[in-house]
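Structural characterization, general
Spelled out, the chains give:
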Amino acid sequence: MYINSMGHYVPSARITNDYFEKINGLTSDWIVQRTGIHSRSKAAADENSDSMALAAIDDAITRLPYDIKEVDLIVAACYSIYDTVATPAHVAQQHYGIHGAKAVYASAACSSFINGLEIIEGYFASGKATKALLICSEHNTYYSNDKDPKAGHLWGDAAVAYFISKERQSENDVEILDIFTEGLGDVGKGPEGVKLRPGEDGISMPDGRDVFMNACKYMIYALRHSLEHTGLKIEDIDKLICHQANKRIVAQVAHMLDKPLDDFLNNIETLGNTGSASVALVLSQNAPNFKKGDKAALMVFGGGYSCGCFIVRF
């Protein structure tokens, strides 16, 4: 499998930590010390998950080596969806006139993007598709409760769009070396660790400690599975990207892997937790800085729980 083009969209607005001190008493120093977040992205009043998804696709199209109408599979993989019936996959199909493509939606919380990759891998393996569009758009601030002192200050908004093919399309393609995912609903707090119940209290995280411990453990677990599958060693990986949930989680993963923090790419400081878009967003933002042959490993942990890893080679 190959990534033919990556695109992303990040709203221009930033909500700084000072805002939260006014509404729930959390100081900027307290937030930075516990999360590493200084500001977070926020969609405008006229934006939603679908509009951000289309903006990310528009960005990716500028580097796409074939006509978007050649896509025969569209997968929307996210959780903060605008419409649970007309998903971003269907909206994109209409907007770009991608006639005849399969259009599906999948969610595994913050692991959704990697699960979307695995779904595409399955369609490719069965011979039912050859070119796919993977969309992940998270409008977290639409659902978050800013007054919640446990999690209200974490969330940011963003979208990514990846065009993926079964066979290489150009010399600029990024090769996907491995995809690994696993559900962890029977681990720790499981389905109660992170919740999004729109009719109740929005996105909530009742037990951050349980999320923290399991995120650190299982992102490394997923990484080791992918390294084993590819025959690579941790020393072969040039950059690592963790789900951008908390900068302290990244630091702990680095410590447990005995790797310097400089080996990790992050954007949480300015964008907050952009959900399942986060690792793909970091990769898309940093793609121009990778050299031919460089390898990156992207690790995720999702509320629910679930984990995953995928490794790419430029």
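Structural notes, computed from the coordinates. (Residues numbered from 1 in each chain as written. Predicted model: local features only at pLDDT ≥ 70, side-chain atom pairs only at ≥ 80, totals over all residues. Heavy atoms only, no water.)

Another point: the sheet that holds strand β4 (residues 73-77). Taking strand neighbours across the sheet as the criterion, the nine strands line up as β5-β4-β6-β7-β1-β8-β13-β12-β11 in an open arrangement whose pairing is mixed. The open sheet has two free edges, formed respectively by β5 (102-106) and β11 (239-242), since each of these has just one partner strand. Neighbour-to-neighbour, the strand axes of the sheet open up by a mean angle of 20°, direction not taken into account. Here strand β6 (residues 131-139) runs beside strand β7 (residues 157-165); their pairing, made up of nine bridges, is antiparallel. For H139, the partnering residue across the bridge sits in β7 and is D157. In the packing of helix α3 (residues 49-61) onto the sheet, contacts are made with β1 (2-9), β6 and β7, and the angle to β7 comes to roughly 45°. (Pairing = 2+ DSSP bridges. Helix = DSSP H or I, 4+ residues; strand = E, 2+ residues; numbered from the N terminus. Axes fitted to C-alpha atoms, helices over the stretch in contact; angles between N-to-C directions. Contact = heavy atoms within 4.5 Å.)

Time to look at the pattern of salt bridges. Taken as a whole, this structure holds nine salt bridges when the rule is applied. One salt bridge in this structure joins K195 and E192, with 3.6 Å as the shortest N-O distance. Look at E192 and you get partly exposed, because its relative accessible area is 40%. Note that D294 and K291 form a salt bridge whose closest N and O atoms lie 3.7 Å from each other. Judged by its relative accessible area of 11%, D294 falls in the buried class. (Salt bridge = Lys/Arg side-chain N within 4 Å of Asp/Glu carboxyl O. Buried < 20%, exposed > 50% of the residue type's maximum accessible area, 1.4 Å probe, protein only.)

Here we come to the packing of helix α7 (residues 208-230) against helix α8 (residues 247-257). Here α7 crosses α8 at 50°, and the two axes come no closer than 10 Å. Taken together, the axis directions place α7 and α8 in an arrangement best described as oblique. Once α7 is placed against α8, the crossing between them reads as right-handed. Each of F212, A215, C216, M219, I220, L223 and R224 in α7 lies in contact with α8, whose residues at this interface are R248, I249, Q252, V253, M256 and L257. A class-by-class count of the residues in the contact of α7 with α8 yields 10 nonpolar, one polar and two charged. (Parallel < 35°, antiparallel > 145°, perpendicular 65-115°, else oblique. Left-handed = near helix turned anticlockwise from the far one by under 90°. Nonpolar A, V, L, I, M, F, W, Y, C, P; charged D, E, K, R; others polar.)

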